[in-house]
Protein chains: 2
Amino acid sequence: MTITITAFERSPDRGQGLARDMPVRWALEEVGLAYEVRLVSFEAMKEPPHRAANPFGQIPTYEEGELTLFESGAIVFHIAQRRSGLLPDDADARDRAVTWMFAALSTVEPPIVERSMAVIFESDKPWAAERLPAIDARIRTRLHELADRLGDAEWLDGAFSAGDLLMVAVLRRLHRSGMLDEYPGLHAYVARGEARPAFQRAFADQLAVFNAAPQPD
Amino acid sequence: MTITITAFERSPDRGQGLARDMPVRWALEEVGLAYEVRLVSFEAMKEPPHRAANPFGQIPTYEEGELTLFESGAIVFHIAQRRSGLLPDDADARDRAVTWMFAALSTVEPPIVERSMAVIFESDKPWAAERLPAIDARIRTRLHELADRLGDAEWLDGAFSAGDLLMVAVLRRLHRSGMLDEYPGLHAYVARGEARPAFQRAFADQLAVFNAAPQPD
């Protein structure tokens, strides 16, 4: 059955692979599932046909026969269930990997996204100089805790899992901030994720979309 | 095997049931699993013994024999897998329910938590009058989209699921803001969740913790 995902017609991050189609592409590459991509414009995303697949008018969506899913976390989980390679076979280890998926998206990511929004929408506001450092402090608390847990391990809990995939995808949002450089263990962890052949293929494919239609400055 | 969860020793919301032990208690009640609660102080949460269970120093954690989990979303998912009642049997319907779990925690909740933090930490800041309405606008966008999708249905996708449980838990954070009143469909949806006997039992149990040791004003 053909798998079709949606992605931005024009990359808002200029090909850095920070949009949420990236973890889905990466997961599909890790387990060796072929997929097609339907590009959608920012306008079309908010129209009824796309909202039928994702009520929040966002990418990615995932279509496979009768099944339509949204939410990158849920799509990665679906992919991880279908094929081996992203979740351990042992039931307890599997639940711990799922824990890291939720930790990535609901504990580590929120202050990082809040920082991105503050940089984009509030940089010219009089309060930016006071607020941004407060957000950065919240992010550093999480990075410190995550670095402590990871220690010298290669991945968060045994073999590479969907939890690592989502955590690396979340941490990559910090590349431009330079904050990852303060945590050499996390920096190396992200680099290990980015060095995986499946990541490389997924990254190249999303970059090709940007190169085919670069966004004007 | 005994199930033990952790919860705040003193309720920061004065017994409103907004802390993250609440969805876990609710899920356990829905499927009829008995559990014990170990109360932890704000200080003890940040110490090594608790961080061994949750590296981010938060509640709840979940212990069951050799298995230790954290992240309320992951714990609810674990519970939903163990017993029937929170996830459909059909594989596609199950994946759609998981989609709503992620949607609750990673799409709907973040601006709601950001609002709570702005109210608590930034109300006295000169920018509060400009920033709070901007956050509210982001929340209303999500509420509008969610209300559109729910329509006249009782639950988000067929029978009540772990997705509804987490979504109702997230929306309850808006009670004091009055914003839910603007969306009668969502208001009724939350009321349906709160009327469930399992919710009532979980709510009473967390309230008993607050009543046993009320927090000083």
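Numbering of residues starts from 1 in every chain and runs along the sequence as written. Chain labels run from A onward and ligand labels from 1 onward, assigned in the order the entries are written. This being a predicted model, a pLDDT of at least 70 is required before a residue's local features are given, and a value of 80 or more before pairs of side-chain atoms are given or counted; all residues contribute to the totals for chains, interfaces and linings.

A.B. asks: It is not clear to me how the sheet that holds strand E4 (residues 67–70) of chain B should be interpreted in this structure. Could you clarify?
C.D. replies: Sheets are built from strands paired through backbone hydrogen bonds, the pairs being either parallel or antiparallel. Residues and elements named next belong to chain B. Overall, mixed pairing links the four strands, which are arranged E2-E1-E3-E4 in an open sheet. Strand pairing shows two members of the sheet lacking a second neighbour, strand E2 (36–40) and E4, which therefore form its edges. For this sheet, the mean angle separating the axes of adjacent strands, direction not counted, is 20°. Across three bridges, strand E1 (residues 3–8) lies against strand E3 (residues 61–64) in antiparallel orientation. What sits directly across from Thr 4, in E3, is Glu 63. Any two strands are treated as partners once DSSP identifies two or more bridges connecting them. Segments assigned H or I by DSSP are reported as helices when at least four residues long, segments assigned E as strands when at least two residues long, and all are numbered from the N terminus. Axis lines are fitted to C-alpha atoms, over the contacting stretch for helices. Their N-to-C directions set the angle, which ranges from 0 to 180 degrees.

A.B. asks: What is the right way to look at the interface of chain B and chain A in this model?
C.D. replies: By convention, interface size is frequently given as the accessible area that disappears when the constituent parts associate. At the junction of the two partners, chain B supplies 32 residues and chain A supplies 32 residues. Breaking the side of chain B that touches chain A down by element, the ones donating at least two residues are E4, helix H4 (72–82), helix H5 (91–122) and helix H6 (128–150) of chain B. With 13 residues, the top contributor of residues to the side of chain B that touches chain A is H5(B). By residue class, the composition of the side of chain B that touches chain A is 15 nonpolar, six polar and 11 charged. C-beta atoms are first placed from the backbone for all residues, and any pair lying within 7 Å is then listed as a contact. Residue polarity follows a fixed list, in which Ala, Val, Leu, Ile, Met, Phe, Trp, Tyr, Cys and Pro are nonpolar, Asp, Glu, Lys and Arg are charged, and the others, Gly among them, are polar.

A.B. asks: Looking at this structure, how should I read the packing of helix H7 (residues 162–171) of chain A against helix H8 (residues 184–195) of chain A?
C.D. replies: Packed helices, taken two at a time, are described by the angle their axes make and the gap between the axes. Residue and element names in this part refer to chain A. Contact geometry for H7 and H8: axes closest at 9 Å, N-to-C directions at 115°. Between H7 and H8, the crossing angle belongs to the class labelled roughly perpendicular. The element H7 and its partner H8 pack so that their crossing is left-handed. Contact with H7, carried on its side by Asp 164, Val 168 and Leu 171, involves Leu 186, Tyr 189, Val 190 and Gly 193 of H8 and no other residues of that element. Convention used here: angles under 35 degrees read as roughly parallel, angles over 145 as roughly antiparallel, angles from 65 to 115 as roughly perpendicular, and any remaining angle as oblique. With the far helix as reference, a near helix turned anticlockwise by less than a right angle produces a left-handed crossing, and one turned clockwise produces a right-handed crossing.

A.B. asks: Looking at this model, I keep getting lost on the sheet that holds strand E1 (residues 3–8) of chain A. Mind explaining?
C.D. replies: Residues and elements named next belong to chain A. Across the sheet, four strands lie side by side as E2-E1-E3-E4; this open sheet has mixed pairing. Every other strand in the sheet has two partners, leaving strand E2 (36–40) and strand E4 (67–70) as the edge strands with one partner each. Here the average twist between neighbouring strands, direction ignored, is 20°. Note that E1 and E2 share five bridges and pair parallel. What sits directly across from Ala 7, in E2, is Leu 39.

A.B. asks: Looking at this structure, I do not really get the environment of B:Asn211. What am I missing?
C.D. replies: With respect to the helices and strands, the residue B:Asn211 is situated in helix H9 (residues 197–212). To sort residues by exposure, count the other C-beta atoms lying within 10 Å of each residue's C-beta; 20 or more gives buried, 12 or fewer gives exposed, and values between give partly exposed, all with C-beta atoms placed from the backbone. When the 11 C-beta atoms within 10 Å are taken as the criterion, B:Asn211 is described as exposed.

A.B. asks: I keep staring at helix H1 (residues 21–31) of chain B and nothing clicks. Help me out?
C.D. replies: An α-helical turn contains 3.6 residues, so any two residues separated by three or four positions project in the same direction. Residues and elements named next belong to chain B. For H1, a buried count of 10 out of 11 residues is recorded, marking the element as mostly surrounded by other parts of the structure. Buried residues of H1: Asp 21, Met 22, Pro 23, Val 24, Arg 25, Trp 26, Ala 27, Leu 28, Glu 29 and Glu 30, and no others. Here the buried face of H1 lies against E1, E3, H4, helix H7 (162–171) and H9. Looking one or two residues past H1, Gly 32 carries a phi angle of roughly 75°, positive in sign.

A.B. asks: Looking at this structure, how should I read the domain arrangement of chain A?
C.D. replies: Residues and elements named next belong to chain A. On domain assignment, one finds that chain A holds domain 1 (3–85 + 198–212) and domain 2 (91–196). Each of domain 1 and domain 2 has a C-alpha centre, and the two are 21 Å apart. Contact residues are listed per partner, giving 12 residues for domain 1 and 11 residues for domain 2. Secondary-structure elements contributing two or more residues to the side of domain 1 that touches domain 2 are helix H1 (21–31), helix H4 (72–82) and helix H9 (197–212). For the side of domain 1 that touches domain 2, the per-class residue count stands at 10 nonpolar, two polar and no charged. Domain delimitation in this document rests on an assignment produced automatically or drawn from a domain database.

A.B. asks: I would appreciate a short explanation of the relation of the copies chain B and chain A in the present structure.
C.D. replies: Superposing the two chain copies requires a rotation about an axis and a translation along that axis. The copies were overlaid with a least-squares fit restricted to C-alpha atoms from residues scoring a pLDDT of at least 70 in each copy. Taken as rigid bodies, chain B and chain A are interconverted by a rotation of 180° and an axial shift of 0.0 Å, the fit giving an RMSD of 0.0 Å. Taken together, these values place the two copies in the relation of a two-fold axis. With an isologous cut-off of 70% or more, the 100% of interface residues of chain B that recur at the interface of chain A puts this contact in the isologous class.

A.B. asks: Can you walk me through the environment of B:Glu47 in this structure?
C.D. replies: All names here are of chain B. Relative to the assigned elements, Glu 47 resides in the loop between helix H2 (42–45) and helix H3 (48–53). Look at Glu 47 and you get exposed, because 12 C-beta atoms sit within 10 Å. With 121 residues separating them along the chain, Glu 47 and Val 168 place their C-alpha atoms 31 Å apart.

A.B. asks: Would you explain the nonpolar core in this entry?
C.D. replies: Within soluble globular proteins, side chains that are nonpolar generally end up buried alongside one another. By definition, a nonpolar core groups buried Ala, Val, Leu, Ile, Met, Phe, Trp, Tyr and Cys residues that connect through C-beta atoms lying within 7 Å of each other. Ranked by size, the top nonpolar core spans 104 residues in total, and within it A:Ala162 and B:Ala162 carry the most contacts. Apart from the residues within four sequence positions on either side, B:Ala162 is in contact with B:Ala27, B:Val76, B:Phe77, B:Ala80, B:Leu86, B:Leu87, B:Ala97 and B:Met101.

A.B. asks: Which parts of the structure should I look at to understand the pairing of E3(B)?
C.D. replies: Each regular strand displays side chains that alternate between the two surfaces of the sheet. All names here are of chain B. Sheet analysis places E3 next to E4, joined by four bridges and oriented antiparallel. Looking across to E4, one finds that Tyr 62 is bridged to Leu 69. Counting the residues in the hairpin turn of E3 and E4 gives two residues, including Gly 65, whose phi is positive at 60°.

A.B. asks: Would you mind going over H4(A) with me for this structure?
C.D. replies: By the criterion of burial, H4(A) is predominantly enclosed, with nine of the 11 residues buried. Residues of H4(A) that are buried include every one of A:Ser72, A:Gly73, A:Ala74, A:Ile75, A:Val76, A:Phe77, A:His78, A:Ile79 and A:Ala80, and no others. Considering only its buried residues, H4(A) is in contact with H1, strand E3 (61–64), E4, helix H5 (91–122) and H7 of chain A together with H5 of chain B.

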